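# Per-entry structural report
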Amino acid sequence: MLKDFDGRLRQFERRQVLQGLGAVGGGALLCGRALPVRATAFPDSRGGPGDPQIAKEISTEFLHAWDCYKKYAFGYDQVKPRSGKPDHFFFPKQNQSIGLSIIEALDTLYVMGLDSELKICLDWIYANLTFNINADFNVFEGIIRVLGGLLAGYLAIRDQRLLQLAKDFGDRVMPIFTKSPTGLPYSAVNLATGAVSKPDSILAAIGTNILEFGMLSQLTGDPSYYNAAKRALRETYNRRSSLDLLGGSVNVETGQWTSGTDSGPNPVTDSFYEYVYGAYALFGDQECLGWYRTLNNAMNKYLVENYNGLVWYKTVNFQTGAVLNRNQSELASFYAELVAASGNLNLGAAYYQSWTKVLQSYPVLPESIDYTTLKPIAAGNAFRPEYVNSSFDLYWQTGNNFYAQTAYQYFVGMRDNARLPEGYTILTDVTTKPMQQGDLFPAYGFAENFKYLYLIFARTPRFNTQSFYLSTEGKILCGLRPGQPAA
Ligand code: DMJ
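Residues numbered from 1 in each chain as written. Predicted model: local features only at pLDDT ≥ 70, side-chain atom pairs only at ≥ 80, totals over all residues. Heavy atoms only, no water.

### Details of the sheet that holds strand β13 (residues 315-317)
- Pairing is antiparallel across the open sheet formed by 3 strands, whose spatial order is β10-β13-β14. Each of the sheet's edge strands pairs with one partner strand only, and the pair in question is β10 (261-262) and β14 (323-325).
- With 2 bridges joining them, β13 and β14 adopt antiparallel strand pairing. Bridging from a neighbouring strand, V316 pairs with V323 of β14. (Pairing = 2+ DSSP bridges. Helix = DSSP H or I, 4+ residues; strand = E, 2+ residues; numbered from the N terminus.)

### A look at the pattern of salt bridges
- Under the definition given, this model contains 22 salt bridges.
- With a shortest N-O distance of 2.8 Å, R462 and D115 are connected by a salt bridge. Of the two residues, R462 sits in the loop between α18 (449-457) and β20 (467-470) while D115 sits in helix α4 (residues 115-128), which places them 347 residues apart along the sequence.
- For R462, a relative accessible area of 5% puts it in the buried group.
- Classification of D115 as partly exposed rests on a relative accessible area of 37%.
- Linked by salt bridges that have partners in common, E104, E141, R145, E473 and K475 make up one network. (Salt bridge = Lys/Arg side-chain N within 4 Å of Asp/Glu carboxyl O. Buried < 20%, exposed > 50% of the residue type's maximum accessible area, 1.4 Å probe, protein only.)

### Notes on the sheet that holds strand β16 (residues 368-370)
- Spatially, 3 strands are ordered β15-β16-β17 in an open sheet, and the strand pairing comes out antiparallel. Single-partner strands in this sheet number two, and they are β15 (327-329) and β17 (375-378). Going across the sheet, the axis of each strand differs from the next one's by a mean of 35°, ignoring polarity.
- Judged from the 3 bridges that link them, β16 and β17 form a sheet pairing that is antiparallel. From the neighbouring strand, D370 faces β17, where its bridge partner is K375. (Axes fitted to C-alpha atoms, helices over the stretch in contact; angles between N-to-C directions.)

### Here's the deal with the packing of aromatic side chains
- What the rule picks out here adds up to 46 aromatic pairs.
- Ring geometry for F131 and F169: centres 5.0 Å apart, planes at 70°, overall edge-to-face. You can see F131 sitting in the loop between α4 and β4 (136-138) and its partner F169 sitting in helix α6 (residues 160-173), a full 38 residues away along the chain. Residue F131 shares its accessibility class with F169, and that shared class is buried.
- An aromatic cluster of three or more residues is present, and its members are F272, Y273, Y307, W312, Y313, F334, Y335, Y351, W355 and Y371.
- Here the basic side chain of R145 rests over the ring of F89, its NZ or CZ set 4.4 Å away from the ring centre. (Phe/Tyr/Trp six-rings, centres within 6.5 Å; stacked < 30°, edge-to-face > 60°. Lys NZ or Arg CZ within 6 Å of the ring centre and 35° of its normal.)

### Focus: the pairing of strand β11 (residues 304-307)
- Two strands pair when backbone bridges link them, and β11 and strand β12 (residues 310-313) are joined in this way by 4 bridges, in the antiparallel orientation. Within β12, the residue paired with E305 across the bridge is W312.
- Where β11 folds back on β12, the antiparallel hairpin that results is connected by 2 residues, among which N308 adopts a positive phi of roughly 50°.

### Overview of the site of the ligand
- As a matter of local geometry, the ligand sits amid I144, R145, L331, R384, P385, E386, Y444, E448, T472 and E473.
- Interatomic distance of 2.6 Å between a side-chain N/O atom of T472 and an oxygen atom of the ligand.
- Contact with the protein chains hides 92% of the accessible area of the ligand, taken as 290 Å² for the molecule alone.
- Split into classes, the residues belonging to the shell around the ligand amount to 4 nonpolar, 1 polar and 5 charged. (Near = heavy atom within 4 Å. Polar contact = N/O pair within 3.5 Å; in protein donor to acceptor, adjacent residues only side chain to side chain. Areas by Shrake-Rupley, 256 points an atom, 1.4 Å probe, with all protein chains shown as cover. Nonpolar A, V, L, I, M, F, W, Y, C, P; charged D, E, K, R; others polar.)

### What to know about the nonpolar core
- Counting residues in hydrophobic clusters, the biggest one holds 160 residues, and the most contacted among them are V146, Y335 and F450.
- Among the elements that take part in this core, helix α5 (residues 139-157) stands out by supplying 11 residues, more than any other.
- Not counting chain neighbours up to four residues away, the residues in contact with F450 comprise I58, E61, F62, A65, M112, F383, M414, Y424, F441 and G445. (Core = buried A, V, L, I, M, F, W, Y, C linked by side-chain atoms within 4.5 Å. Contact = heavy atoms within 4.5 Å.)

### Some thoughts on helix α3 (residues 100-111)
- Counting buried residues in α3 gives 12 out of 12 residues, a clear majority hidden from the surface.
- When we look at burial in α3, the residues that qualify are L100, S101, I102, I103, E104, A105, L106, D107, T108, L109, Y110 and V111.
- A positive phi of about 75° marks G113, the residue just after α3.

### Some points on unusual backbone geometry
- The residue after P267, namely V268, is reached through a cis peptide bond having omega 15°.
- As for its position among the elements, V268 is in the loop between β10 and α11 (271-283).
- Going from K433 to P434, the amide bond is cis rather than trans, its omega being -5°.
- Along the chain, P434 falls in the loop between β18 (427-429) and β19 (436-437).
- Phi at K198 takes a positive value of approximately 60°, unusual for a residue other than glycine.

Distances and angles like these do not, on their own, reveal function.
In structure tokens:
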């Protein structure tokens, strides 16, 4: 019965996409790129049936982190595991939280089959979550974490209350687009009054919203969310240089670039390209695919370089292509999977190999390196998920067990160094022995690291390994199967 109901719902959603989103052409995917169906099983046991024992190890560690949050900070945004204190992520000045870790964890709890924990979270959300908060709100983080979390939660359990909260949140954030003279979004909005602020927006903030806003359009039948997000991408694309490169930030009121630095997949751009391509992968938007191809080709021409046998993305002036630095942020390591998914498996595999080489020296990657020496520039690690994000996607794209093995290596590095008697933590220095531990568990740890790892090794009827799409925050926007039993 549940299956039939889900089938009808999906049909309904498809109609909404095709009718509601004018931008999406006929024959569009309902969601996610279809992965190639493999004729044969993977060469070893990790491919076909997965590895339930490793999956169990991973969910056990997830629970180790989760129990600490529950004990010391439930209902707050994050936990400080060493001091046993809560942490406010969005509204520290107001001393206020919105239960961010709970929102971030919803679909992870679902795919891991942790149903009693999921129920506790849902009860908390229905009783407590409100967005009527009179304070400036960081929209980049808010959209990928809060809106994405509520949507993924809804896609997992199909409770309308989650969708209503997502819509309420989306409506409160919409002024970032509608109040902007250029259509490029402001970086902050007051959730209670709709007042916008911070007009100098970095590329990540301008372009990391079409997946969540598009899904909101798809689920509500209101195309305005998707159209606003797409306009921002178009406005950015139209401001590219004659080399087809982009600067780093724009004043959304004047429309002028405020930084002419193109750092490729590194900050301040990072997930921008992921979302230009994602609009095609998730919604079948061919125009966005064309934009991605143009921009990515230019990066291949002016940014990609082979240095001492490893592939990296240098940072350049977007108008001249002149090299500005050869730093590489760990945040960019997700780009290995994206460049592979979009058609260049050789480059994606090579970029992953570059980061794997660094992982051999530092079992937890430093925040950033100078790739001419492979030495850290910033020696901490904020419990970063980007490398294992690539492991996960490359594993499912290729069926190559190398990606499962290196993901496991990443897991061991994390467990050996970031684990506390209670919970997990960020690291302040990965170059010392033992590594220096900080005192924070970022909420995205419940959305990303453990989920990517788990979904490499687990096989659960709740997740469709043949067709899925995860956002930059690890939210499963396609591929969840509601109403299924746990693994
Ligand atoms: C997460 O919020 C997301 O992965 C985002 O895209 C980049 N930064 C963090 C994790 O490092």
